[in-house]
Every structure is written in structure tokens, then in C-alpha cells.
Amino acid sequence: MITDGIVRTKLDNGLTVVLKPLVQSPVASLFLWYRVGSRNEVDGRTGISHWVEHMLFKGTEQFPPGEADRLVAREGGYCNAMTHLDWTAYFETLPADRFDLALRIEADRMTNSPFREEDVESERMVIISERQGYENDPEFLLSESLIAVAITVHPYRHETIGWPCDLQSITRDELYEHYRTYYAPNNANLVAVGGFDPDALLKRIEELFGPIPPGPEVPPVRAVEPPQRGERRVIVQGPGTTTYVEIAFHAPPAAHEDFFPFVVMDAVLDGARALGVFRSSPSSRSTRLYRALVETDLALEVSTSLLPTIDPYLYSCGATVRAGRRAEEVEAAILRELQRLAEEPVRAEELAKAIKQTQAEFVYGSESVTDQAYWLGFAETVVSPQWLDEYLDRVEAVTAADIQRVAQTYLKPHNRTVGWFVPERWNGGEV
């Protein structure tokens, strides 16, 4: 188990520390997780968590701009950061005897980032350009609109990048307030995996992070998405020559008992995946959606999305419509496959293959010290260590009846939102 041998403690300032020593490992990985993402954003400040993530790369007095990245690279390591729906994480993977550098970087930027006005403005342009790059992708435009129509109340309705109007108007003081509220030890999990002595490392963590005072109480997320009461549809038009179809259903959160049947059901439809961020799973030509849409020349490719989240989110199926075929045909083919799951139990050999491949993807996606530090921090931040411990067993326990029940419960017409992206030449007639 990934959690075997971990040492877990909490400092007096509220920082949760999870250490997994692997004595023989020549490298070590540090992840610092903050419980903040687009889930914690309000109208008018969408995208602020991602923007703060950028600001923590603008340097401090101890590590001037670019210096932290340069030092990590000089020591043969790598580093990065990510902002998602429920969390923001910074990480460094380094040779074990250079690991102290990672601790010093993260302790420093937890409290000393200055948020200079000139940096705020330069990063505003960077992020707006990043968003404009996304807008060149029809699938982003369709997905953004689809999510905003499917989710009406919960902050998950905003993309992590934020809306353009908010990116234009968010101020330096608002960014700094967000930083001071959420980037504090009492709202963070520090995870380290690799070649270190846990007692010595914990002592060093206490030296660097212990003096940092806790932040204010984090505002609770009170929004609860109400049940959807009928199919919703959205059509997005834009430049291009290709039509896309995406269908989204409200889905259970990671901690829900239906989540793992959902994981295996998704493997039946579109192949197994690791759910982590460091491994991309190849598409499988033996899955139901591939055979129903690609092999029949209805679509060029198909994909699905299932995210483990704190609150209920969306499960989606998408397809790139082949030239000469119509969005209606592709939509109908996807819905036929979903209806089939609700009407017929998955065959025993198909279920066994989906379970075996899902378990294999999880194992492959948790091999390195970086993978393990990711998963330990993810479980600590989003669900629980127990969820991680039970992952393989709960996948193993999924039955054909579970999948049929989940399909009948969630893949219903009144729970879905259908989206089409159509090229601007479309005039309301045939797509």
C-alpha cells in the first residue's frame, strides 16, 4: 500500500505533515498542498486561485525571481505547481541529499511572497494570454459553456482559469488577501516521500515551518448544487471546420459509495485511467464508445472524464464528429451505449478486464516517489488516507449489478446536459 510506513503528525500551527521514508531511494519528492481551488472562489474573483499560484513564482527576498527554479534544475531536480477544482499544489523532486532546498523554497513562499504591483500586472497579461490560448480550442469553449449550464449554483461551474471579466478586474489587494487567507499552515498538507530519515526531516520541517503563524479561519463552501430537473442543451459556435459533441451528467464525489462503480463503468466505456496527473492513459480500441463511434466512422475520437472531487461534479462523454456525419448521429450513438449500460449487465469478461486494467493503471501511476507524494497529498486533501488504502480493493469489489445500478441512477435524461460545438457556418439547419 502507498500508505505503508507513513509518519503523520500535525505541527502546533496546524500544518499536517505526512512523511514516507524510502531509505534506499536516491531521490525525494516534496508536495505542499493547499486546500484552495476554484471551489473556494466567488463571482467576481474566478481564477484567483490559479493567479495566486502564478504569483508564488515571482520570487522573494531569499529567492529572487527565477532563482528557485534555477537552483532546483542545477541540483538535477524538477519542480512545478498545479491549481485544480479543490486544491493547489507545489512540488519539487530532488536528489535526496539536496532535499533541504525544497523545504526552504516552500517555507519561504508560504509566507514571504510580496505580490509586487508590477508583478501582478505582468502576470495578468500572462494569464489572460493563457486563457486566450485555451479559447482557440473548440473543446475548451464547449466544455466551459457546458459546465456553466450543467452546474448552476456550486463554484465548480467556473473553470479554474477564470472568466475574462474577472481576470481584467481582480486587484493586487484581492490577490494578497486570497494568499493570506488560504496559504497558511493550518490550510496545508506537507507530504514528503523518498530517501530521508523521518526524525531528522521532521525536525527540519519544524525549524522552517513551525514559526509560521496560522492564518484566519477559511471561509466554508456552503453552496450545494440542487438536483437537475430536466435535460439542458447548449450550442456553442466558433471558428473551425469540426463539430464536437459532449454530454455531461451530475456524478458522485470521490468519497461516495458509487464513485468506484463509476470508475469501472468508465473503464468499460472508454478504457481504464489512473486518475492522477502524471500518467496519461492511452485510449483503447476495444472499449464500447470506441467501437460504437470510431469504428463506425461516426467520430474521429471519443473521450470521457471522471474527476475525484470533494463535492459532486460531472461525468462527461465527448466525441469529435467525423466530417460528413451529423452531431445528432453522434449524440444518439453515445446515448445508446449509456442506455445499454442501464438495461444490460456488463458481461463477466468485460467487467474483469475493466477491473484489472483500472488496478494496473493505478499501480503504474503510483510507482515513483513523485507519484506517491501526489497520491498521499491528494488523499489527505480531498478524501482520506483510508480512501487511498482501499482503492484497489474497492475497484476489485465492483460488480456488474453495481455498474447497472449506477448507470440507472446517474445516466438519466433529466440529469444530463448536452452540448454541441458547431462551426460558425452552421445556420441552424443540418450540422
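Throughout what follows, the structure given in this document is the object of discussion. This structure is a prediction, so every number in the text was calculated from the model and none was measured.

Each value, and the rule that gives it
- Residues numbered from 1 in each chain as written.
- Predicted model: local features only at pLDDT ≥ 70, side-chain atom pairs only at ≥ 80, totals over all residues.
- Heavy atoms only, no water.
- Core = buried A, V, L, I, M, F, W, Y, C linked by side-chain atoms within 4.5 Å.
- Buried < 20%, exposed > 50% of the residue type's maximum accessible area, 1.4 Å probe, protein only.
- Helix = DSSP H or I, 4+ residues; strand = E, 2+ residues; numbered from the N terminus.
- Contact = heavy atoms within 4.5 Å.
- Polar contact = N/O pair within 3.5 Å; in protein donor to acceptor, adjacent residues only side chain to side chain.
- Expected span 1.5 Å × (residues − 1).
- Phe/Tyr/Trp six-rings, centres within 6.5 Å; stacked < 30°, edge-to-face > 60°.

As for the nonpolar core
Inference 1: In this structure, Phe31, Phe262, Leu293 and Ile334 are the most contacted members of the largest nonpolar core, which totals 73 residues.
Inference 2: Examining the composition of this core, we find that 9 residues originate from one element, helix H9 (residues 259–270), more than from any other.
Inference 3: Not counting residues within four places of it along the chain, the set of residues in contact with Leu293 comprises Leu298, Ala299, Val302, Ala319, Val330, Ala333 and Ile334.
Inference 4: Residues Leu19, Phe63, Leu71 and Phe99 belong to the second largest nonpolar core, which totals 49 residues.

Some points on the side chain of Thr370
Inference 1: Take Thr370: it is sitting in helix H13 (residues 369–382).
Inference 2: In this structure Thr370 comes out as buried when scored by relative accessible area, which is 3%.
Inference 3: At a separation of 2.7 Å, a polar atom in the side chain of Thr370 contacts the side chain of Thr93.

Points about helix H3 (residues 100–111)
Inference 1: With 12 residues, H3 ought to run about 16 Å at 1.5 Å a step, and its terminal C-alpha atoms sit 18 Å apart, in line with that.
Inference 2: Of all 12 residues in H3, 9 are buried; the element is thus mostly enclosed.
Inference 3: For H3, the set of buried residues is Leu101, Ala102, Leu103, Ile105, Glu106, Ala107, Asp108, Arg109 and Met110.
Inference 4: Where the residues of H3 are buried, they touch strand S3 (27–34), helix H2 (67–74), strand S5 (88–95), helix H7 (172–182), strand S6 (188–194) and helix H8 (198–209).

Quick look at the packing of aromatic side chains
Aromatic ring pairs are described here by two measures, namely the spacing of the ring centres and the angle between the planes.
Inference 1: Scanning the entire structure with this criterion turns up 34 aromatic pairs.
Inference 2: When the ring of Tyr134 is compared with that of Phe140, the centres are 5.4 Å apart and the planes differ by 40 degrees; the resulting orientation is tilted.
Inference 3: Residue classification places Tyr134 among the partly exposed positions, given a relative accessible area of 35%.
Inference 4: Between Tyr244 and Phe421, the ring centres sit 6.1 Å apart and the planes meet at 65 degrees, which makes this aromatic pair edge-to-face. In this pair, Tyr244 sits in strand S8 (residues 244–251) while Phe421 sits in strand S11 (residues 416–423), placing the two residues 177 residues apart along the sequence. Exposure class is identical for Tyr244 and Phe421. Each is buried.

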